[in-house]
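Structural characterization, general
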Amino acid sequence: MSRMGSLKSYNCEQCGNDFVSRTALRYHFRAKHLGKVHCETCGREVLRETLWDHEAADHERMTAEKQGCFWDMPPKREAKFVAMEMSTSCRMCPRQFGTIHSREHHEKQDHHFTASKRAQMATGFSPDNILDYKNPTELKRFVEEKLRPIPGPASIACAIEIEAIINLIKECFLLPVARLIKGGSYIKGTDAQGWSDIDIVLFSEAFENLEDCKKKLPEVIDDLGKRLKKSSWASRIKMEKRTHLSLRFHFKCYKNHPGHSFDIMPCYDMLGPAPSTGLKQSFYHKISLCNDTDEIQLYSMSLLQYQVEFIKASTMRVKDLIRLVKHWFRTSFAKPTAQNKFRRLPSSYALELITISIWQLAGKPVFFSLVQGMRAILKLLVRYPEMCIVWHKHYSPNSMIFKKAIQKQTRPFVLDPANPTFNVCENSNAWDEVAHVARRSLLKPLFNGVQAKEPWLFTNGW
């Protein structure tokens, strides 16, 4: 029960509408919802006895007509590496709240965000989704032929051109470059044939401190963009919408290759190439006290090398599983509409960390079934409120910063292995949509009759 002004109102949990009396609510329910169930694929309410006919007829037509799916869009980079405010931001309007619970209450009361609406906004399965494969052999062939980057001369040519464009970036950069860090899926080895991104952090001693860096960044980034546009490689560089902290462009690598999305980030070097444990702890302490969102982004750039090393150390099989999870993400979710344009799905980095965690829970097997691994990840996503994942490679479990992060207990909880102040799950406000799509995915042909086997028996409790 909620209040509308000074009047009591009675809320329908099925559709979110409010009524002035219990009698009116009861009448509405009988007229609109009695005998109906939600179709978990599209979210529509249909009569229970016609559900099978609806799924057989309507979904085929919807698949043919649906043009605005997430999988039709080019990959979109996150505007921020660290966006902890996102989890408490409304999906339907720009409002922010103090807690996730307050945000969810607002979405339900003010936007009538019901289970039905969530299903409609979340689900967008592509016709060529891997979930319709019938056996592990088909999935293995798809990974080898369609996902994993093509080895051989083409791969070598690509690497040469990437090094050339990075050298060009250094030449065009207005300030002297003291150190350069490379990141992104291409560097980590989690890129695929259809998508690849590269992050470049340019550290310069010309920045006196963090404040000086913030002040000079707009001019420096603007100048770099102009110089690249005038360079001999300009015809292969397509500038994208820049952020105030980075320059973004798409680089056409060579014939028939989809190219690479570049994110160039100039920065003040706060850590150096080999910081001591004490310097790292001091660095983490400064981040924990920082309330400036731009400064937090700049701090995070100094940690990029450790994030890359963590993912890059994974085995080839784990990287194939990461590619599969990312492909599932791109081919299973509906494109945001004007109604939910503030929705933010989890970052690719969060997906990489969750995948590695699942593999570690299984005992770090060298060889394993991709179907079993994928099934385990989807089952964990369904249970996202219980997710609590931490590592201690770069910070101690006894440090006060780590203890504060744990005490905050915002779930799902996946602590960045390189940054004890950052729960990577807080970059998203749509984990309930992820859980819905994961639940629907587990009902697809790929997982029909699949039971957990060693080393994945721990998922039986899920």
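Keep in mind the model is a prediction, meaning the values are calculated, not measured.

1. Comments concerning the sheet that holds strand 9 (residues 247-251)
The strand order 6-7-10-9-8 describes an open sheet built from five strands, whose pairing is mixed. Unpaired on one side and paired on the other, strand 6 (179-183) and strand 8 (237-239) mark the two borders of the sheet. Pairs of neighbouring strands in the sheet enclose a mean axial angle of 25°, with direction left out of account. Bridge analysis of strand 8 against strand 9 gives three bridges, and the strand direction is antiparallel. Across the sheet, residue Met 239 finds its bridge partner in strand 9, namely Phe 249. Where helix 6 (residues 153-172) meets the sheet, its contacts fall on strand 6, strand 7 (197-203), strand 8, strand 9 and strand 10 (260-267), and the angle it forms with strand 10 comes to roughly 30°.

2. Structural notes on the side chain of Glu 295
Looking at the element boundaries, Glu 295 is found in helix 10 (residues 293-301). Discounting chain neighbours no more than four positions away, the residues touching Glu 295 are Leu 210, Glu 211, Lys 214 and Cys 290.

3. Here we look at the environment of Lys 255
Turning to its location among the elements, Lys 255 is positioned in the loop between strand 9 and strand 10. Sequence separation of Lys 255 and Ala 154 is 101 residues, and the distance between their C-alpha atoms is 9.7 Å.

4. Some remarks on the pattern of salt bridges
Under the defined criterion, the tally for this structure stands at 22 salt bridges. Asp 292 is the salt-bridge partner of Lys 214, the closest N and O atoms lying 2.9 Å from each other. Placement of Lys 214 in helix 8 (residues 210-230) and of Asp 292 in the loop between helix 9 (277-289) and helix 10 is noted, with a sequence separation of 78 residues between them. By relative accessible area, Asp 292 is classed as partly exposed at 27%.

5. Focus: the pairing of strand 7
With seven of seven residues buried, strand 7 lies mostly within the body of the structure. Across five bridges, the pairing between strand 6 and strand 7 is antiparallel. Paired with Arg 179 across the bridge in strand 7 is Phe 203. Bridge count between strand 7 and strand 10: seven bridges; the pairing is parallel. The partner of Ile 198 across the bridge, within strand 10, is Phe 262.

6. Observations regarding the nonpolar core
In terms of nonpolar packing, the biggest core is built from 57 residues, with Trp 328, Leu 381 and Val 414 touching the most fellow members. Where this core is concerned, the elements lending two or more residues are helix 5 (136-147), helix 11 (304-312), helix 12 (316-330), helix 13 (348-361), helix 14 (370-382) and helix 16 (431-441). Not counting residues within four places of it along the chain, the set of residues in contact with Trp 328 comprises Leu 131, Phe 333, Met 374, Leu 378, Leu 381, Val 434, Val 437, Ala 438 and Ser 441. Listed in part, the 55 residues of the second largest apolar core include Ile 200, Val 220, Cys 290 and Tyr 299.

7. A closer look at the packing of aromatic side chains
Scanning the entire structure with this criterion turns up 16 aromatic pairs. Here Phe 249 and Phe 262 contribute two aromatic rings whose centre-to-centre distance is 5.1 Å and whose plane-to-plane angle is 10°, an arrangement assigned as stacked. Note that Phe 249 is positioned in strand 9 and Phe 262 in strand 10, a separation of 13 residues in sequence. Residue classification places Phe 249 among the buried positions, given a relative accessible area of 0%. One aromatic cluster in this structure is built from Phe 283, Tyr 284, Tyr 299, Tyr 395 and Phe 402. Cation over ring: Arg 317 sits above Phe 368, and NZ or CZ is 5.7 Å from the ring centre. A cation over a ring is seen here: Lys 444 above Phe 125, with NZ or CZ 4.4 Å from the ring centre.

8. Observations regarding the pairing of strand 10
Within strand 10, eight of the eight residues are buried, leaving the element largely enclosed by the surrounding structure. Going residue by residue along strand 10, you find His 260, Phe 262, Ile 264 and Pro 266 tucked away on one face and Ser 261, Asp 263, Met 265 and Cys 267 tucked away on the opposite face as well. Note: strand 9 against strand 10, five bridges, orientation antiparallel. In the sheet register, Arg 248 faces strand 10, and the bridge partner there is Asp 263.

Procedures and definitions
- Counting of residues starts from 1 at the beginning of each chain's written sequence and follows it residue by residue.
- Totals for whole chains, interfaces and linings use all residues, but because this is a predicted model, local features are given only for residues with pLDDT of at least 70 and pairs of side-chain atoms are given and counted only at 80 or more.
- Side-chain numbers come from the whole structure's heavy atoms, not from hydrogens or water.
- When DSSP finds two or more bridges between a pair of strands, those strands are recorded as paired.
- Segments assigned H or I by DSSP are reported as helices when at least four residues long, segments assigned E as strands when at least two residues long, and all are numbered from the N terminus.
- All axes are obtained by fitting lines to C-alpha atoms, using only the stretch in contact for helices, and the reported angles, taken between N-to-C directions, cover 0 to 180 degrees.
- Contacts were defined at the residue level, with two residues in contact if any of their heavy atoms lie within 4.5 Å.
- The term salt bridge refers to a pairing of a side-chain nitrogen on Lys or Arg with a carboxyl oxygen on Asp or Glu at a separation within 4 Å.
- Each residue gets one of three labels from its accessible area relative to the maximum for its type: buried under 20%, exposed over 50%, partly exposed in between, using a 1.4 Å probe on protein chains only.
- Remark: nonpolar core denotes a set of buried residues (Ala, Val, Leu, Ile, Met, Phe, Trp, Tyr, Cys) joined through side-chain atoms within 4.5 Å.
- Stacked, edge-to-face and tilted are the three classes for Phe, Tyr and Trp ring pairs, Trp counted by its six-membered ring, which pair at centre distances within 6.5 Å; planes under 30 degrees apart are stacked, over 60 edge-to-face, the rest tilted.
- A ring is scored as having a charge over it whenever the NZ atom of a lysine or the CZ atom of an arginine sits within 6 Å of its centre and within 35 degrees of its normal.

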